[in-house]
Amino acid sequence: MIQNVGNHLRRGFASVFSSRLARKSASRAEASSSTMADGEGYRNPTEVQMSQLVLPCHTNQRGELSIGQLLKWIDTTACLSAERHAGCPCVTASMDDIYFEHTISVGQVVNIKAKVNRAFNSSMEVGIQVTSEDLCSEKQWAVCKALATFVAHRELSKVKLKQTVPHTEEEKTEHSVAAERRRMRLVYTDTIKDLLASFPIQDDLESRDCSNMVPAEKTRVESVELVLPPHANHQGNTFGGQIMAWMETVATIAASRLCRAHPTLKAIEMFHFRGPSQVGDRLVLKAIVNNAFKHSMEVGVCVEAYRQGNETQRQHINSAFMTFVVLGEDDQPQTLPWIRPQAGEGERRYREASARRKIRLDRKYIVSCKQAEMPLSVPWDPCNQVYLSYNNVSSLKMLVAKDNWTLSSEVNQMRLYTLEDDKFLSFHLEMTVGVDVAQAFQLLSDLHRRPEWDKHYRNVELVHQVDEDDAIYHVISPSLGGDTKPQDFVILASRRKPCDNGDPYVIALRSVTLPTHCETPEYKRVETLCSGFCLWCEGDQLSKVSYYNQATTGFLNYVTTNVAGLSSEFYTTFKACEQFLLDNRNDLVAPSLQTL
């Protein structure tokens, strides 16, 4: 009997996967013929490309392309893309963190590609990719990626931007995730302040050898620039890229004064333009090394603007933090001297730099990692909570945006889709329910009520209320398969309302690790990498409800059994979810996540 079941399973899996491959092949053939018929591949209408040959006048003392010059080219390309979409002049509002992966030498070509990922009311996010090319060897390298925010500006009327229409899987992903990035960007300053205020900063200033330290004041730089017409756009506003280039110059001088060598810029923390500057302004740029670690240093830069005759009324228009290293002949980072901060403000900057370094590492790891490279469960920490929440929601949105989902079965208008991608088998259940979408969102957000319709959630305990939209839960579920122990998992639940018409309501779930809820002998600890609900409004009192899940090892057998049609648990559970929503659709007071 067991052998017959095994044969049945194998035949079921073979049938599912072979039909999926056949459909994929047909889809690829159809796409290929469509492209050939068009005569040319699809190109985003907002895409702008720039190619520049690196000449000696563009380089620094090492014969490499100056990062300041690269920032000017990046800003120009992104601005042209933004203006192509807006149809009017645009100004740089901010530039997200940039990590430089490769240097560019004289004679090489810089290729910059920019396109609008998403437009909001009057602002838009522009994605930028930079590569370098050696014309002799035909080798190419990835240099950096960047995300810039531009604001459309008309003198006589308020701008309302048209929305972008994504076509490819990549465009759909960027369009969807841009809303979450914007949310994180808007709270960026407050988040950093809160983290710095609550972060326990430890240092070893007293234990260090003071004779080996460089006083921070010796690294201080102040420089003034006069904004001339070549530095400004057609409205007379200073190019954001020009300001960033000037900031990079003074930061490099400050870093050189510490290391007595030629430093290399490796990363820039977000540029945020607090106000404009125009032709005729004097810009005062100040830089100082805030802290030096073993192999890197942080340089703080600020920019103030004033008009002739009003020097006492300076306006702070920008600030940034730049990370430098010193590379040896083997291209490895060299050990740096310690910095001795000034008492008072200097010590504050010194300690804040230590905190920012930790935050920066968390952010780069969590936000920049590919999903397949992420561990299933990431340690929860107040320092990374904003970025874990971002990763939680954006991972689900990226899964939703994939265009190679395959319909595996349909029962009573409930559809089951599957997706084989990278190292994961994902599934997606979809149904239409006669319930208002906002009400369905509130009901499904209340994880305490999930045991009412999902037998895999036996008990749900709220562990930590992070904020209004994020919470951590400890969930206990029955054993699966031949296991004798019940299972448990600790999950971060993040919910988001739509940013614009057509956006879904999102409830994203992923595993996190808490020191207060370690694995115990009583339960078998399981994890979820990416799962959750997306809900769309299909009309008055009508919602499309979709559940997504990337199957991890602990659930793979359960998933494949359902996909192969040998179990109806998916259908039964989702049917119970539908009934739960219908039974409770008249609840007038839906709970907020804060009260769960």
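Residues numbered from 1 in each chain as written. Predicted model: local features only at pLDDT ≥ 70, side-chain atom pairs only at ≥ 80, totals over all residues. Heavy atoms only, no water.

### A short note on helix 7 (residues 385–401)
In an α-helix, one turn spans 3.6 residues, which is why side chains three or four residues apart end up on the same side.
Part 1: For helix 7, built from 17 residues, the straight-helix expectation of 24 Å at 1.5 Å per residue is met to within 8% by its first-to-last C-alpha distance of 24 Å.
Part 2: Extensive coverage of helix 7 is indicated by the burial of 14 of its 17 residues. (Helix = DSSP H or I, 4+ residues; strand = E, 2+ residues; numbered from the N terminus. Expected span 1.5 Å × (residues − 1). Buried < 20%, exposed > 50% of the residue type's maximum accessible area, 1.4 Å probe, protein only.)

### What to know about the sheet that holds strand 12 (residues 297–306)
Part 1: A sheet is described by the order of its strands in space; here six strands give the open sequence 3-9-13-12-11-8, paired in antiparallel fashion. Both edges of this open sheet fall to strand 3 (98–99) and strand 8 (221–226), since each of them pairs with a single strand only.
Part 2: Here strand 8 pairs with strand 11 (residues 282–292) via six bridges, running antiparallel. Bridge pairing links Ser223 to Leu285 in strand 11.
Part 3: Along the sheet, helix 5 (residues 240–259) contacts strand 8, strand 9 (264–268), strand 11, strand 12 and strand 13 (315–325); its crossing angle with strand 11, the most-contacted strand, is approximately 40 degrees. (Pairing = 2+ DSSP bridges. Contact = heavy atoms within 4.5 Å. Axes fitted to C-alpha atoms, helices over the stretch in contact; angles between N-to-C directions.)

### Quick notes on the pairing of strand 6 (residues 140–152)
Part 1: In the sheet, strand 2 (residues 90–95) pairs with strand 6 via five bridges, with the strands oriented antiparallel. Across the sheet, Cys90 pairs through a bridge with Ala152, a residue of strand 6.
Part 2: Where strand 5 (residues 123–133) lies against strand 6, eleven bridges are found, and the strand directions are antiparallel. Each residue of the ladder has a partner; that of Met124, found in strand 6, is Phe150.
Part 3: Where strand 5 folds back onto strand 6 in an antiparallel hairpin, the turn is made up of six residues, including Glu138, whose phi is positive at roughly 65 degrees.

### Description of the side chain of Gln108
Part 1: On the secondary structure map, Gln108 appears in the loop between strand 3 and strand 4 (109–119).
Part 2: With a relative accessible area of 9%, Gln108 lands in the buried category.
Part 3: Separated by 3.0 Å, the side chain of Gln108 and the backbone nitrogen of Ser105 make a polar contact.
Part 4: Aside from chain neighbours lying at most four places away, what touches Gln108 is Gln52, Leu53, Val54, Thr103, Ser132, Glu133, Asp134 and Trp141. (Polar contact = N/O pair within 3.5 Å; in protein donor to acceptor, adjacent residues only side chain to side chain.)

### So, the nonpolar core
Part 1: Residues Leu70, Met124, Ile128, Met297 and Val299 are the most contacted members of the largest nonpolar core, which totals 72 residues.
Part 2: Ranked by the residues each element gives to this core, the list is headed by helix 5, at ten residues. (Core = buried A, V, L, I, M, F, W, Y, C linked by side-chain atoms within 4.5 Å.)

### What about the pattern of salt bridges?
Part 1: Evaluation of the coordinates by the stated rule reveals 29 salt bridges.
Part 2: In this structure, Glu125 engages Arg185 in a salt bridge whose closest nitrogen and oxygen atoms are separated by 2.9 Å. Here Arg185 lies in helix 3 (residues 169–186) and Glu125 lies in strand 5, a separation of 60 residues in the sequence.
Part 3: Between Arg348 and Glu345 there is a salt bridge, with its nearest N and O atoms 2.6 Å apart. Taken together, the residues Arg348 and Glu345, both in helix 6 (residues 345–368) and three residues apart, mark about one turn of the helix.
Part 4: Given a relative accessible area of 35%, Arg348 falls into the partly exposed group.
Part 5: Three or more residues joined by partner-sharing salt bridges are found here, namely Asp96, Glu125, Glu174, Arg181 and Arg185. (Salt bridge = Lys/Arg side-chain N within 4 Å of Asp/Glu carboxyl O.)

### Overview of the environment of Leu80
Part 1: With respect to the secondary-structure elements, Leu80 resides in helix 2 (residues 67–86).
Part 2: Given a relative accessible area of 43%, Leu80 falls into the partly exposed group.
Part 3: On a C-alpha basis, the gap between Leu80 and Lys115 in space is 9.2 Å, while along the polypeptide they are 35 residues apart.

### A short note on the pairing of strand 18 (residues 424–433)
The two faces of a sheet get side chains in turn, since along a regular strand they alternate between them.
Part 1: The element strand 18 is extensively covered by neighbouring structure, given that nine of its ten residues are classed as buried.
Part 2: Strand direction decides the pairing type here: strand 17 (residues 414–421) and strand 18, joined by seven bridges, are antiparallel. Bridge pairing in strand 18 places Thr418 opposite Phe427.
Part 3: For strand 18 and strand 25 (residues 542–551), the ladder comprises nine bridges, and the chain directions are antiparallel. The partner of Leu425 across the bridge, within strand 25, is Ala551.

### Comments concerning unusual backbone geometry
Part 1: In the Ramachandran plot, Asp331 falls in the positive-phi region, its phi being about 65 degrees despite a non-glycine side chain.
Part 2: You can see Asp331 is positioned in the loop between strand 13 and strand 14 (338–340).
Part 3: Asp331 sits in the exposed class, given a relative accessible area of 56%.
Part 4: Non-glycine residue Gln413 carries a positive phi angle of around 65 degrees.
Part 5: Here Gln413 is to be found in the loop between strand 16 (406–411) and strand 17.
Part 6: Relative accessible area serves as the criterion here: at 61%, Gln413 is assigned to the exposed category.

### Examining the sheet that holds strand 5
Part 1: Spatial ordering of the open sheet is given by 1-4-5-6-2-10, a layout of six strands whose pairing is antiparallel. The sheet terminates laterally at strand 1 (48–53) and strand 10 (271–272), the two strands that pair on one side only.
Part 2: Pairing between strand 2 and strand 10: two bridges, direction antiparallel. Its bridge partner being in strand 10, Met95 is matched across the sheet by Phe271.
Part 3: Taken strand by strand, helix 3 contacts strand 2, strand 4, strand 5 and strand 6, and its axis lies near 75 degrees from that of strand 4.

### Quick notes on the packing of helix 8 (residues 437–445) against helix 10 (residues 569–583)
Part 1: Contact geometry of helix 8 with helix 10 gives a least axis separation of 10 Å together with a crossing angle of 115 degrees. The crossing of helix 8 and helix 10 is right-handed. On helix 10, the residues that touch Ala440, Leu443 and Leu444 of helix 8 are Cys577, Phe580 and Leu581. (Left-handed = near helix turned anticlockwise from the far one by under 90°.)

### Here's the deal with the side chain of Asn290
Part 1: Tracing the backbone shows Asn290 in strand 11.
Part 2: Engagement of the side chain of Asn290 in a polar contact is seen with the side chain of Arg349, the distance being 3.4 Å.
Part 3: Not counting residues up to four positions away in its chain, the partners in contact with Asn290 are Glu298, Val299, Gly300, Phe321, Ile339, Arg349, Tyr350, Ala353 and Arg356.

### Here's the deal with the confidence of the model for the protein
Part 1: Residues of the protein with pLDDT of at least 70 account for 83%, and the chain-wide mean is 84.
Part 2: In the model, residues 588–596 has pLDDT below 50 throughout and makes 26 contacts with residues more than four positions away in sequence or in other chains. (pLDDT = per-residue confidence, 0-100.)

### Observations concerning the environment of Pro498
Part 1: Among the secondary structure elements, Pro498 is positioned in the loop between strand 21 (487–496) and strand 22 (505–513).
Part 2: Excluding anything up to four places from it in sequence, Pro498 contacts Asp503, Pro504 and Tyr505.

### Here we look at the packing of helix 2 against helix 5
Part 1: Relative to each other, helix 2 and helix 5 sit at 165 degrees, their axes nearing to 8 Å. Taken together, the axes of helix 2 and helix 5 are roughly antiparallel relative to one another. Crossing of helix 2 over helix 5 shows right-handed handedness. Counting all contacts with helix 2, which are made through Ile67, Gly68, Leu71, Lys72 and Asp75, the residues of helix 5 involved are Gly240, Gly241, Gln242, Met244, Ala245 and Glu248.
Part 2: Of the residues that constitute the contact of helix 2 with helix 5, the class distribution is four nonpolar, four polar and three charged. (Parallel < 35°, antiparallel > 145°, perpendicular 65-115°, else oblique. Nonpolar A, V, L, I, M, F, W, Y, C, P; charged D, E, K, R; others polar.)

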